[in-house]
Amino acid sequence: MTKYVYNFTEGDKDQKDLLGGKGANLAEMTNLGLPVPPGFTITTEACRAYLSQGEVPETLDVEVTAAIRSVEQTMGKKLGDASDPLLMSVRSGAKFSMPGMMETVLNIGLNDESVHGLAEKSGNERFAWDSYRRLIQMFGKTVMDIEGDLFSEALHGLQERKGYKGDLDMTTEDLKELVAQYKEIVKKETGQDFPQDPRFQLDMAVEAVFRSWNTDRARIYRRREHIPNNLGTAVNVQTMVFGNMGEGSGTGVCFTRDPSTGHSGVYGDYLENAQGEDVVAGIRNTLSLADLEKIDKASYDELRAIMTKLETHYRDMCDIEFTIQGGKLWMLQTRVGKRTASAAFRIAEQLVNERLITHDEAVTRVTGDQLTSLLFPQFDKSASKKVISKGMPASPGAAVGEIVLNNEQAVARTQAGASVILVRRETNPDDLQGMVVASGVLTARGGKTSHAAVVARGMGRCCVVGAEDLLVDEAAGTVYVKSQDTTYKAGDVIAIDGTSGEIFEGEVPVTDSPVMTYISKGLEAGLAASPDEDTKELVTAVDHILSHADEKRRLVVRANADTPEDAQRAREFGAEGIGLCRTEHMFLGDRRKLIEAVILAETDEDQQAAFDALMPLQKGDFIGIFEAMDGLSVTVRLIDPPLHEFLPDLTELSVELAVKEAKGEEVTEAEKKLLAAVKANHEQNPMLGLRGVRLGLKLPGLIKLQVRAIAEACAELKKQGKDPRPEIMVPLIGSVREMQIVRDMALEIIKEVSEEFGVELDLPIGNMIELPRAAVTAGRIAVESDFFSFGTNDLTQTTWGFSRDDVEAAFFNEYFDYGVFGDSPFESIDWRGVGSVVKMGAKRGRAANPDLHLGVCGEHGGDPVSIHFFHEIGLDYVSCSPFRVPVARLEAGRAAISNESPAAIERGAQRATTA
Ligand code: PEP
Ligand code: MG
């Protein structure tokens, strides 16, 4: 029989699949002997069963009874007992953290009778009624689907009537009145009374949490964060402890290190006399942990000791939620903390320096995506800018954009091409859509651990919170800055600095990031470009980690580059060669006419004349690139695209000539010939038509021209004492025979050039594997080939049978929703399908030709998850766009160190396909 319920004493931190992150870590803390309120976790498996069957498995009911009884025994109280009630919380907890996206119900077990018992036992009547009104509000909204505003309107109405500033002013009598109002709302909205049976409350809350897995906002969040839709959430049912029990109570969130700089120290928010949701919602501004030391030294000291214990145990920065109830500290949650990209590098470096982790581990603690985000430009420190206000820096970056005040504006303006800053009084999970599209997020309320801050950090979105100087009036469409006595309107441009918290008026220019300077110009330049010690620490950390990754990686990293400038940049970024030099752009622009002449030529002489005109130009292209990459391999791909790309558009040309005719103007013979050629070369499915090697075999002169240009460029440079290393690559090979013909042709030309120039030329000749047939017959093709380069762009389209230019917009969204894809297969390799084809091609190729060199040059060569896969299947190199070279170096190092299976990598990266 499936076991659906685990007591906290039963699990551990590695069971996140089953118990969710929160549940697994609660179990870990329980087993470490930390003060965790007793409870149990209902597994993600139970959630999946509920979601697929529409009802809870019967055995779950029975297991929950046993688990409740066990907690009751430990606590010496009974759930919802009229005279001394045990109260419980019901919280979601998925494998991957989804902050604020799913539901929570607190104070389960309170009813019209037990509220009196709680009042008496706690000696605090106000607290008992406050807890009861919170239960009705949360339960009403979450479980009974009542519009949450109805409750908050009642609350604010009462506060306004009595002239109160906030919740703390409310008296016991007020709260009793509010409970009565809330119960009326429940009755009116649902036709039922608020449920009084504690077990019924608990069961309903558990189901509501299960269902909250599929709310819109949870789905949007998962898509963005690459979290698979089919995981489901676990549910944690835990004894309530109360931070709202008056003086000496409170609740807080803290980190063992600063999550935005990595500095160790006391970092966190504390709210007196409050429950957890008050901190995250940012309704009242919080105190710092240093303040807690003054208020309750004993609890503070115990918390600090636990923070150290957790960081030592997890060997990483942890984030922690705690509650103090009447001077007693309780741990409610911990996990390895989310952090900014720069903090990730700095924390890894600090932990190495503290001898808490090894250099190898440091490399696995950062990701290519994090490195990418550090390469973005920042505000120019020397530019003059007008600071209009300041908030708390919550997530770094530099964002410039128009003020928008809600989701709708954010979406509409970004769709119109604008960059926007979402400005809110405070954010709640419903603002997610706006946060996704905005360049930056700015709030007037809330601390660094507020919802806005946590979500923004998770997305790498620039964010400033708690700018109390701002009065945000969504209805009026304005943001009033008190200190400046100035009003800004939606549409006005501002800039926010997520590192300093500053808010600027108007456009602010941005500069290169010092990490980028380090990557392209070296450590000294990177340090010199760093404006402060923090940035120097970051640049040093990136240098240490990236250098260690370079030492450890087995995969060579090349770049895809078609011009000397790109080649130069790629080299600066650490590329060890060019894995794909596409040549088609070399025939566009002014030179398009020359190719047109080749196509239109009626005699061999005409055609040869066109080739002769192209020859010096093409040779010049190669000389520039080989020089830039002197001493490194440059894989030149022979021309690939369909011929029609070099001819005018069929429709446009037909219309142009028809109009001419209609106007009585003369259509020349040349124009008629051109139209005929365009018609002759028109294809229904050009991507599956006359392209790649097929084009070369149809127009052998073109191949000969290109091979000769490569060989002559190489010979010329060699004569100058240089070290050019070109490789010739044939695209879209499907059969060994195609390869034989092209290879023989090329070898003959190379031999001729070698003799003409009197230099030895030994140019590797290989091919791309872009068709399933090539992979299947790789054993035959490999005999005629020095290398294979997997063109995973085409291989994805030909394996799936869909056109990359058409399908993404057509149906990919639906496919994400159905879970056919976790990620676009054009971005991250579909390792089960296309990846298997690559693996087969590599294996068969190598078996037939042990010297065969293997690489990949599709977009996937720069994708983190794909790089791990290519490492695992034993390729020699990946080739990607120059900008992604540093990321590929880091990920190749991580792959060599962690040696994870693709399934594990996919899970680790929160991406998965179900297909
Ligand atoms: C490929 O197909 O993966 C490839 C690199 O070629 P292109 O994208 O130019 O078709
Ligand atoms: Mg291709």
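Residues numbered from 1 in each chain as written. Chains lettered and ligands numbered in written order. Predicted model: local features only at pLDDT ≥ 70, side-chain atom pairs only at ≥ 80, totals over all residues. Heavy atoms only, no water.

Colleague: Tell me about the side chain of E311, and please be specific about residues and values.
Modeller: You can see E311 is positioned in helix α12 (residues 297-314). The buried category is assigned to E311, whose relative accessible area is 9%. Of note is the side chain of E311, whose polar atom sits 2.7 Å from the side chain of R257. Among residues more than four places away in sequence, those in contact with E311 are T256, R257, D316, M317, C318, L351 and L356. (Helix = DSSP H or I, 4+ residues; strand = E, 2+ residues; numbered from the N terminus. Buried < 20%, exposed > 50% of the residue type's maximum accessible area, 1.4 Å probe, protein only. Polar contact = N/O pair within 3.5 Å; in protein donor to acceptor, adjacent residues only side chain to side chain. Contact = heavy atoms within 4.5 Å.)

Colleague: So, the domain arrangement of the protein chain: which residues are in play, and what are the values?
Modeller: Taken domain by domain, the protein chain consists of domain 1 (5-239), domain 2 (250-336), domain 3 (384-509) and domain 4 (550-586 + 595-642 + 699-910). Once you take the C-alpha centre of each, domain 3 and domain 4 turn out to be 44 Å apart. (Domains from an automatic or database assignment.)

Colleague: Can you explain the pairing of strand β6 (residues 104-108)? Please cite residues and give values.
Modeller: Within a regular strand, side chains alternate between the sheet's two faces. Counted residue by residue, β6 has four buried out of five residues, so it is predominantly covered. With three bridges joining them, strand β5 (residues 88-94) and β6 adopt antiparallel strand pairing. Bridging across to β6, V90 finds its partner in V105. (Pairing = 2+ DSSP bridges.)

Colleague: I'd like a rundown of the UniProt feature "binding site: substrate" (unreviewed entry) in the protein chain, residues and numbers included.
Modeller: The positions that UniProt labels "binding site: substrate" (unreviewed entry) are, in the present scheme, R582, R637, E770, G791, T792, N793 and D794. With respect to the helices and strands, T792 occurs in helix α32 (residues 792-800). When its relative accessible area of 0% is taken as the criterion, T792 is described as buried. With residues near it in sequence (within four places) discarded, T792 still touches I829, V838, V856, G858, E859, H860 and F870. Note that N793 resides in helix α32. The buried category is assigned to N793, whose relative accessible area is 9%. (UniProt positions renumbered as here; feature names shortened; annotations may be inferred.)

Colleague: How would you sum up the packing of helix α4 (residues 114-122) against helix α5 (residues 125-142)? Please name residues and give values.
Modeller: Two numbers describe how α4 lies on α5: the axes approach to 7 Å, and their chain directions differ by 145 degrees. Where α4 crosses over α5, the two elements pack in a sense that is right-handed. Between α4 and α5, the contacting residues are V115, H116, L118, A119 and S122 on the first element and E125, F127, A128, W129, S131 and Y132 on the second. (Axes fitted to C-alpha atoms, helices over the stretch in contact; angles between N-to-C directions. Left-handed = near helix turned anticlockwise from the far one by under 90°.)

Colleague: Outline the sheet that holds strand β10 (residues 287-288), listing residues and values.
Modeller: Across the sheet, which stays open at both edges, the five strands sit in the order β10-β9-β8-β11-β12 with antiparallel pairing between neighbours. Only two strands of the sheet have a single partner each, and these edge strands are β10 and β12 (328-336). Pairing of strand β8 (residues 250-257) with strand β11 (residues 318-325) involves six bridges; the strand directions are antiparallel. Looking across to β11, one finds that C254 is bridged to I320. Against the sheet, α12 engages β8, β9 (264-272), β11 and β12, with an angle of about 25 degrees to β12.

Colleague: If you had to explain the pairing of strand β22 (residues 486-489) to someone new, which residues and values would you point to?
Modeller: Direction of pairing for strand β21 (residues 478-481) relative to β22: antiparallel, over a ladder of four bridges. Along β22, the bridge assignment pairs V479 with Y488. Counting the residues between successive antiparallel strands, the hairpin from β21 to β22 contains four residues, one of them, D485, with a positive phi of roughly 50 degrees.

Colleague: Outline the environment of P38, supporting the account with residue identities and numerical values.
Modeller: Turning to its location among the elements, P38 is positioned in the loop between α1 (16-31) and β2 (39-42). Counting along the chain gives 37 residues from P38 to M75, while the straight-line C-alpha distance between them is 8.0 Å. If we ignore the near neighbours within four places in the chain, the residues touching P38 are F8, V71, T74, M75, Q238 and T239.

Colleague: So what about the pattern of salt bridges? Which residues, and what values?
Modeller: The final tally for this structure, using the stated rule, is 60 salt bridges. Its salt-bridge partner being R315, residue E361 comes within 2.4 Å of it at the nearest N-O pair. Here E361 is found in helix α14 (residues 359-364), whereas its partner R315 is found in the loop between α12 and β11, with 46 residues between them in sequence. Between K593 and E596 there is a salt bridge, and its shortest N-O distance comes to 3.4 Å. With a gap of three residues between them, K593 and E596 both fall in helix α23 (residues 592-600), about one helical turn apart. The structure contains a network of salt bridges with shared partners spanning K619, R708, E712, E716, E752 and E756. (Salt bridge = Lys/Arg side-chain N within 4 Å of Asp/Glu carboxyl O.)

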